[in-house]
Amino acid sequence: VLFTPLPPKPQPPALSKVSPDSLQRGQSVRVVFEGQRLDQVESIRLDPDGFGVKIDRTTRTPTRLEVDLTVSASAAVGPLPLRVVSDVGQSNEVK
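Remember, predicted model here, so these are calculated numbers, not experimental data. Here the residue numbering is sequential within each chain, running from 1 through the sequence in written order. Selection of residues for local features in this predicted model requires a pLDDT of at least 70, selection of side-chain atom pairs for listing and counting requires 80 or more, and totals for whole chains, interfaces and linings are taken over all residues. Note that the side-chain values use all heavy atoms of the structure and ignore hydrogens as well as water.

> Could you clarify how one ought to interpret the overall build of the chain in this entry?
Each helix and strand in the chain was counted, giving zero helices and six strands. Runs of E in the DSSP output that reach at least two residues are strands. Runs of H or I that reach at least four are helices, and both are numbered from the N terminus. Its helices and strands taken in sequence order, the chain reads β-β-β-β-β-β from the N to the C terminus. Whether a residue is buried, partly exposed or exposed follows from its accessible area with a 1.4 Å probe, protein chains only, as a fraction of its type maximum: under 20%, in between, or over 50%, in that order. The proportion of buried residues among the 95 residues of the chain is 26%. In this description, contact between two residues means that some pair of their heavy atoms is separated by no more than 4.5 Å. Contacts spanning at least 24 positions in sequence make up 56% of the contacts within the chain whose residues lie at least 6 apart. Summed over all atoms, the accessible surface of the chain reaches about 6400 Å², with 53% contributed by carbon and sulfur. Under the counting rule used here, the positive set is Lys and Arg, the negative set is Asp and Glu, and His together with the chain ends is not counted. The atoms used to mark charge sites are NZ of Lys, CZ of Arg, CG of Asp and CD of Glu. Separation of charge centres in the chain, based on 12 positive and 11 negative side chains, amounts to 2 Å. The protein chains shown are the only cover counted for residues, whose accessible areas, like all others here, come from Shrake-Rupley with a 1.4 Å probe.

> How do you make sense of the pattern of salt bridges when you look at a structure like this?
Salt-bridge detection follows one rule: a side-chain nitrogen of Lys or Arg within 4 Å of a carboxyl oxygen of Asp or Glu. As enumerated under the stated definition, the model contains six salt bridges in all. Here Glu42 and Arg57 are joined by a salt bridge, their closest N and O atoms 3.7 Å apart. In this pair, Glu42 is assigned in strand E3 (residues 41–46) and Arg57 in the loop between strand E4 (51–55) and strand E5 (64–71), connecting sequence segments 15 residues apart. Residue class for Arg57 comes out partly exposed when judged on its relative accessible area of 43%. Counted as one network, the salt bridges with shared partners bring together Arg30, Asp56, Arg64, Glu66 and Asp68.

> Would you mind showing me how to read the nonpolar core here?
Side chains of nonpolar character tend, in soluble globular proteins, to be buried together. Residues belong to a common nonpolar core when they are buried Ala, Val, Leu, Ile, Met, Phe, Trp, Tyr or Cys residues joined through side-chain atoms within 4.5 Å. Counting residues in each nonpolar core, the largest one holds 15 residues, and the members touching the most others are Phe33, Leu38, Val41, Ile44, Leu65 and Val84. Of all the secondary structure elements, the ones that give two or more residues to this core are strand E1 (14–19), strand E2 (28–36), E3, E5 and strand E6 (82–86). In contact with Val41, other than residues within four places in its own chain, are Pro13, Ile55, Arg57, Arg60, Leu65, Val84, Val85 and Ser86.

> Would you take a moment to explain the side chain of Glu66 for this structure?
With respect to the secondary-structure elements, Glu66 resides in strand E5. Pairs of N or O atoms are called polar contacts if they sit within 3.5 Å, as long as, within protein, a hydrogen donor faces a hydrogen acceptor (for residues adjacent in sequence, only side-chain-to-side-chain pairs). Side chain to side chain, Glu66 and Arg30 meet in a polar contact 2.6 Å long.

> Help me understand the sheet that holds E5, please; the structure alone is not making it clear to me.
Remark on secondary structure: sheet strands pair via backbone hydrogen bonds, oriented parallel or antiparallel. A pair of strands is considered paired only if DSSP assigns at least 2 bridges between the two. If you trace the four strands from one edge of the open sheet to the other, you get E1-E2-E5-E4, paired in antiparallel fashion. The open sheet is flanked by E1 and E4, the only strands paired with a single partner. The mean angle between the axes of side-by-side strands here comes to 30°, regardless of whether they run parallel or antiparallel. Pairing geometry for E4 and E5, over five bridges, is antiparallel. The residue bridging Lys54 from the neighbouring strand is Asp68, located in E5. Here the axes come from fitting lines to C-alpha atoms, over the contacting stretch only for helices, and the angles between their N-to-C directions go from 0 to 180 degrees.

It is worth stressing that arrangement in space is one thing and function is another; only the former is reported here.
The structure is reproduced here in C-alpha cells:
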C-alpha cells in the first residue's frame, strides 16, 4: 500500500511591515504592506470603521500590497488594529 502525502494546507496572509506607520484624519494616502501571501488578499480589516479602502490589484505581489486608504475626519485617534484578509483567513494584527 502506497500513501500519497496530502498537499500543504493553504496559509493565510502574514504581515511583517506597514508603511507609513501613522495617518492623519481627513487624508488619503497610499499604504504599503509587506509580508507573505499578499497576492491573495481580498480585503482590509480596520477596527473601528471610518476608513475607505481601495486595493491596487495591478501592483500586488506575494510579498507586497499597495492600498489607497482614506481616513475620515471623524476616525478614532490612536493605534488601530489592522489585518488583511484572503479566502484562506486573516493575517496577524498590525497596529
